[in-house]
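# Notes for the structure review
Below, each chain spelled out in residue letters.
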Amino acid sequence: ITLADGRVVQSAAVVMAVGLVYYTYKPDEYAQLPAGLVSHTTDYGKLDVLAGKRVIVVGGGQSAFEISALLYENGSSVDLVVRRPVRWIREQNPKMPAVLRELRAPKAGMGVGWSNLILEKYPYFFQRWPQRYKDHYLLTRNVSAASSWLKERVGKVRIHDNVHVQHVQHAG
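Quick look at the structure, then. Numbers given for residues are sequential positions, taken from 1 along each chain in its written order. Whole-chain, interface and lining totals are the exception, using all residues; otherwise, since this is a predicted model, local features are given only for residues with pLDDT of at least 70 and side-chain atom pairs are given and counted only at 80 or more. To obtain the side-chain values, all non-hydrogen atoms of the structure were included, while hydrogens and water were left out.

### Some remarks on the overall build of the protein
Starting at the N terminus, helices and strands are each numbered in turn, a helix being any DSSP run of H or I of at least four residues and a strand any DSSP run of E of at least two. Within the protein, the secondary structure is distributed over five helices and eleven strands. Here the C-alpha radius of gyration of the protein, 17 Å, is about what a compact globule of 172 residues would show, namely 16 Å. The C-alpha extent of the protein, read off along each of the three principal axes, is 55 × 40 × 30 Å. Note that accessible areas follow from Shrake-Rupley with a 1.4 Å probe, and for residues the cover is restricted to the protein chains shown. For the protein, the exposed surface amounts to about 10,800 Å²; the carbon and sulfur share of it is 54%. Taking the average location of the 22 positive side-chain charges in the protein and that of its 14 negative ones, the two points are 5 Å from each other. In this description the radius of gyration comes from C-alpha coordinates, and the expected globular size is given by 2.2 Å times residues to the power 0.38. For the purpose of counting charges, residues Lys and Arg are taken to be positive, whereas Asp and Glu are taken to be negative. His and the chain ends are not included. By convention, the charge on Lys lies at NZ, on Arg at CZ, on Asp at CG and on Glu at CD.

### Digging into the nonpolar core
In a soluble, globular protein the nonpolar side chains are often hidden away together inside. For our purposes a nonpolar core is just a set of buried Ala, Val, Leu, Ile, Met, Phe, Trp, Tyr and Cys residues, chained together by side-chain atoms within 4.5 Å. Only protein chains enter the calculation, and the probe is 1.4 Å; a residue is then buried if its accessible area is under 20% of its type maximum, exposed if over 50%, and partly exposed in between. In this structure, Val 57, Leu 71 and Leu 80 are the most contacted members of the largest nonpolar core, which totals 18 residues. For this core, the secondary-structure elements that each account for two or more residues are β2 (13-16), β4 (54-58), α1 (62-73) and β5 (77-82). If one sorts the elements of this core by residue count, α1 sits on top with five residues. Whether two residues are in contact is decided by their heavy atoms: any pair within 4.5 Å suffices. Not counting residues up to four positions away in its chain, the partners in contact with Leu 71 are Leu 47, Leu 50, Val 55, Val 57, Ser 76 and Val 78. Counting residues in each nonpolar core, the second largest holds 13 residues, with Val 14, Val 38, Val 58 and Val 163 among its members.

### Examining the packing of aromatic side chains
Between rings of Phe, Tyr and Trp, where Trp is taken as its six-membered ring, a pair exists when centres lie within 6.5 Å; planes separated by under 30 degrees are stacked, by over 60 edge-to-face, and by other angles tilted. Under the counting rule described, the total for this entry stands at five aromatic pairs. Between Phe 125 and Trp 129, the ring centres sit 5.8 Å apart and the planes meet at 80°, which makes this aromatic pair edge-to-face. Taking the centre distance of 5.6 Å and the plane angle of 85° together, the rings of Trp 129 and Tyr 137 count as edge-to-face. A relative accessible area of 27% means that Trp 129 is categorised as partly exposed. Tyr 137 gets classed as buried once you look at its relative accessible area, which sits at 16%. These aromatic residues form a ring-pair network of at least three members: Phe 125, Phe 126, Trp 129 and Tyr 137.

### Concerning the pairing of β4
Of all five residues that make up β4, four are buried, and the element is covered over most of its length. Seen with its strands pointing away from the viewer, a crossover is right-handed if its path from the first strand over the helix to the second goes clockwise. At this point the chain moves from β4, through α1, to the parallel β5, and the crossover so formed is right-handed.

### Notes on the environment of Ala 69
As for its position among the elements, Ala 69 is in helix α1. Under the relative-accessibility criterion, Ala 69 is labelled buried at 0%. Measuring from C-alpha to C-alpha, the distance between Ala 69 and Gly 155 comes to 8.6 Å, with 86 residues separating the pair along the chain. Not counting residues up to four positions away in its chain, the partners in contact with Ala 69 are Leu 150, Arg 153 and Val 154.

### Focus on the environment of Gln 92
Checked against the element boundaries, Gln 92 lands in the loop between β6 (88-89) and α2 (98-104). Classification of Gln 92 as partly exposed rests on a relative accessible area of 33%. Counting along the chain gives 22 residues from Gln 92 to Leu 70, while the straight-line C-alpha distance between them is 25 Å.

### Some points on helix α3 (residues 114-121)
Along α3, the residues classified as buried are Asn 116, Leu 117, Leu 119 and Glu 120. Along the axis of α3, the buried positions cluster into a sector of 165°, meaning they face one direction only. Think of the arc as the fan of directions from the helix axis to the C-beta atoms.

### Digging into unusual backbone geometry
Its identity as a non-glycine residue notwithstanding, Asn 162 has a phi of 65°, on the positive side. Along the polypeptide, Asn 162 turns up in the loop between β10 (158-161) and β11 (165-167).

Here is the structure:
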């Protein structure tokens, strides 16, 4: 993979981590790669198949950071490519009463907050929006982020943040 800043990252596999199961997305620039070289995080149960290999994870949200940590812990050499600066989700104030924390930011499977809860419970409502509204919402309101408890677990992962993938090529 050639990043927009000119850096080249080589690996045995590319794992896409660019959306929820409802919104599973594999960008077009990866379409020419053989199926065995590019996948989505939703394609995996066990990660043993990638143990000992160099893997590039593309994405900047919770699933990208989680799979990067799991791959590294399972013996893979991992590069995480994030197109924006890495954003960590702040811990909630434990001194705030639980009922207020829940009202302020209800828990959803994909994170905390009302927008996450609505996207999780009513994904097809969002899918019916015109594309320009979806794009605007995702760029301004629902920015990819990872839970702060993952910071330590991805400490040995090579993170390339604030870069875009410019070119993808199968070298084999």
